[in-house]
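Next come the chains, spelled out residue by residue.
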Amino acid sequence: GAPRLARPSTSELDMAVHALAAAASDPGHSLRPAAVLAAEHMSLLQEMRERAHAREELERKSTLRVLTKGADLRAVMAVAKEHGRATLRTVAPWSDAESRQPTIHMDTPGEARRVMQALRRHGVQAVPEDTLRVSELRGLLQQVRAEVSLAV
């Protein structure tokens, strides 16, 4: 096939963006039409990336991970459906079936919060994915710090 191009570094991309911007703003530049088009595409791509990021953020805030082991999923879903449209998914962070942590997807972060509070009243702990991700990262950071201090 065709040779693969090396992925450009951030500084190379920044230089290219500045060169495009300069060509786009210079009326006498031979590449001006192409540069204007490229600049429009880049701002469109940036906008799409930001929208996708916002969507992912909303999805994480609207998704609860059920942490209580052996929770009755039928009962959990009955509680969730009292607060809106709910979808159940089971994810397996590890291969054994016991450690599977089901997730409940709600339409909005508000619905997810209400479901979390209702489940707590039923003795089931469920946490939004975004807060869980932060605590997982904190745990990982502490683990790395501990390993580094042991290595020194």
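For the structure itself, consult the block above.
Since this is a predicted model, take the numbers as computed values, not measurements. (Residues numbered from 1 in each chain as written. Predicted model: local features only at pLDDT ≥ 70, side-chain atom pairs only at ≥ 80, totals over all residues. Heavy atoms only, no water.)

1. Focus on the pairing of strand S3 (residues 101-105)
Here is step 1 of the chain: A large share of S3 lies buried, amounting to five of its five residues.
Here is step 2 of the chain: Here S3 shows two buried faces, one formed by Gln101, Thr103 and His105 and the other by Pro102 and Ile104.
Here is step 3 of the chain: The sheet contact formed by strand S1 (residues 63-66) and S3 spans three bridges and is antiparallel. Bridged to leucine 64 within S3 is isoleucine 104. (Buried < 20%, exposed > 50% of the residue type's maximum accessible area, 1.4 Å probe, protein only. Helix = DSSP H or I, 4+ residues; strand = E, 2+ residues; numbered from the N terminus. Pairing = 2+ DSSP bridges.)

2. Some words on the side chain of histidine 105
Here is step 1 of the chain: Relative to the elements of secondary structure, histidine 105 occurs in strand S3.
Here is step 2 of the chain: Given the relative accessible area of 12%, histidine 105 is considered buried.
Here is step 3 of the chain: One polar contact links histidine 105 to threonine 63, side chain to side chain, over a distance of 3.0 Å.
Here is step 4 of the chain: A polar atom in the side chain of histidine 105 sits 3.4 Å from the side chain of threonine 103.
Here is step 5 of the chain: Excluding residues within four positions of it along the chain, histidine 105 makes contact with Glu59, Ser62, Thr63, Arg85, Ala86, Thr87 and Arg89. (Polar contact = N/O pair within 3.5 Å; in protein donor to acceptor, adjacent residues only side chain to side chain. Contact = heavy atoms within 4.5 Å.)

3. A look at the pairing of S1
Here is step 1 of the chain: Burial along S1 is two-sided: Thr63 and Arg65 and Leu64 and Val66, pointing in opposite directions, are all buried.
Here is step 2 of the chain: Note that S1 and strand S4 (residues 126-128) share three bridges and pair antiparallel. Residue pairing in the sheet places valine 66 in a bridge with alanine 126 of S4.

4. Re the environment of methionine 106
Here is step 1 of the chain: With respect to the helices, strands and loops of the structure, methionine 106 is situated in the loop between S3 and helix H4 (109-121).
Here is step 2 of the chain: Taking C-alpha positions, methionine 106 is 6.0 Å from arginine 85, a pair spaced 21 residues apart along the chain.
Here is step 3 of the chain: Look past the residues within four positions of methionine 106 in its chain and what remains in contact with it is Ser62, Ala80, His83, Gly84, Arg85, Ala86, Glu111, Ala112 and Val115.

Purely geometric stuff here, so don't read any function into it on its own.
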